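Read off the chains here:
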Amino acid sequence: MAEKIDKLDIKILIELQKDGRRSLREIAEKLDVAEGTVYNRINKLKKMGVVENFIPIINHSKLGFDLTAIIGISAEGRHLIELEEILAKEPNVTAVYDVTGEFDAIVVAKFKTREDLNAFVKRIIGMKHVKKTYTMLVLNVVKETHAIELEKLVEKVLG
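On a predicted model such as this, the values are computed, not experimentally measured, just so you know. (Residues numbered from 1 in each chain as written. Predicted model: local features only at pLDDT ≥ 70, side-chain atom pairs only at ≥ 80, totals over all residues. Heavy atoms only, no water.)

Draft legend 1. Highlighting the environment of Leu-139. Mapped onto the fold, Leu-139 is located in the loop between β4 (130-137) and α6 (150-158). Leu-139 sits 65 residues away from Ser-74 along the chain, and the two C-alpha atoms are 24 Å apart. (Helix = DSSP H or I, 4+ residues; strand = E, 2+ residues; numbered from the N terminus.)

Draft legend 2. Region of the structure containing the pattern of salt bridges. Considering all chains together, one arrives at 11 salt bridges under this definition. A salt bridge links Glu-15 to Lys-18, with the nearest nitrogen and oxygen atoms 3.4 Å apart. Of this pair, Glu-15 and Lys-18 both sit in helix α1 (residues 7-18), 3 residues apart, which is roughly one turn of the helix. Residue classification places Glu-15 among the buried residues on the basis of a relative accessible area of 4%. Residue Lys-18 is classed as exposed on the basis of its relative accessible area of 54%. One connected set of salt bridges, linked through shared partners, spans Asp-6, Asp-9, Arg-41 and Lys-44. (Salt bridge = Lys/Arg side-chain N within 4 Å of Asp/Glu carboxyl O. Buried < 20%, exposed > 50% of the residue type's maximum accessible area, 1.4 Å probe, protein only.)

Draft legend 3. Structural context of the environment of Pro-56. Locating Pro-56 in the fold gives a position in the loop between α3 (35-48) and β1 (67-75). A sequence separation of 36 residues divides Pro-56 from Gly-20, and the C-alpha atoms of the two residues are 7.8 Å apart.

Draft legend 4. How the structure looks around the nonpolar core. Membership of the largest hydrophobic core comes to 19 residues, with the highest contact counts inside it found for Ile-71, Ile-73, Leu-87, Val-107, Phe-111, Phe-120 and Ile-124. Among the elements of the structure, β1, α4 (80-88), β3 (105-111) and α5 (114-125) are those that each provide at least two residues to this core. Considering every element that reaches this core, the biggest residue donor is β1, with 5 residues. Apart from the residues lying within four places of it in its own chain, the contact partners of Val-107 are Ala-69, Ile-70, Ile-71, Ile-73, Leu-87, Val-93, Ala-95, Val-96 and Phe-120. Counting 8 residues, the second-largest nonpolar core is a separate cluster that includes Leu-8, Leu-16, Ala-28 and Val-38. (Core = buried A, V, L, I, M, F, W, Y, C linked by side-chain atoms within 4.5 Å. Contact = heavy atoms within 4.5 Å.)

Draft legend 5. How the structure looks around the layout of surface pockets. The calculated volume of the largest pocket comes to roughly 1,500 Å³. What lines the largest pocket is a set of 36 residues, and nearest its centre among them are Ile-55, Ile-57, Thr-145, His-146 and Ala-147. Those elements that provide at least two residues to the lining of the largest pocket are α1, β1, β2 (93-98), β3 and α6. Across the lining of the largest pocket, the residue classes tally to 21 nonpolar, 9 polar and 6 charged. Of the voids in this model, the second largest pocket is the one considered here, and its volume is about 170 Å³. In terms of lining, the second largest pocket is formed by Asn-59, His-60, Ser-61, Phe-65, Asp-66, Thr-68, Lys-110, Val-138, Leu-139, Asn-140, Val-141 and Glu-144. (1 Å grid on protein atoms, 1.4 Å probe; cavity = no way out; pocket = protein on both sides within 12 Å on 5 of 7 lines; lining within 4 Å. Points joined across faces, edges and corners; volume = space filled by probe spheres on them. Nonpolar A, V, L, I, M, F, W, Y, C, P; charged D, E, K, R; others polar.)

Draft legend 6. Spatial organisation of the pairing of β2. Bridging between β2 and β3 involves 5 bridges; their strand directions are antiparallel. Residue Asp-98 lies in a different strand from β3, and its bridge partner there is Ala-105. Here β2 folds back onto β3 in antiparallel fashion, the turn holding 6 residues, of which Gly-101 has a positive phi close to 105 degrees. (Pairing = 2+ DSSP bridges.)

Draft legend 7. Layout of the packing of α1 against helix α2 (residues 24-31). Two elements in contact, α1 and α2, have axes whose closest approach is 11 Å; the angle formed by their N-to-C orientations is 130 degrees. Judged by the inter-axis angle, α1 sits oblique to α2. Both α1 and α2 take part in a crossing whose hand is right-handed. Here Leu-8, Lys-11, Ile-12, Glu-15, Leu-16 and Lys-18 of α1 come into contact with α2, specifically with Ile-27, Lys-30 and Leu-31. Looking at the contact of α1 with α2 residue by residue, the classes come out as 5 nonpolar, no polar and 4 charged. (Axes fitted to C-alpha atoms, helices over the stretch in contact; angles between N-to-C directions. Parallel < 35°, antiparallel > 145°, perpendicular 65-115°, else oblique. Left-handed = near helix turned anticlockwise from the far one by under 90°.)

So this is what it looks like as structure tokens:
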């Protein structure tokens, strides 16, 4: 039988989303459970693929990557996956999405200069099997996170 996620798992995920560097002891104390329980639950969530990795949230602007581009790409259908795999390996790319609608893929990437962005877009449009691109430049970041507000969605998550 497949393992299920319960409310304690969700509470642990909420704590990890707040700060993935917190010790197991701190999380256990906050949730009023044993440290071993937190350890076992996190390992279960890793095994299930719910937790894939623990990474810092980096402010790319502080490193000089002030330009965020969202690029829609139309490609020859049978080559889409191949193109997405190539684009996913680009160092400036933070996300590649296979989408429905006007475009076949959406790429999100960050750049230090307009020249870097220009060269990247020209490289994409020059790729074999790319039909067209549409580039949007982010003017202001209102919200940017890979986290969702689990505490507000617990019932939906647990079904």
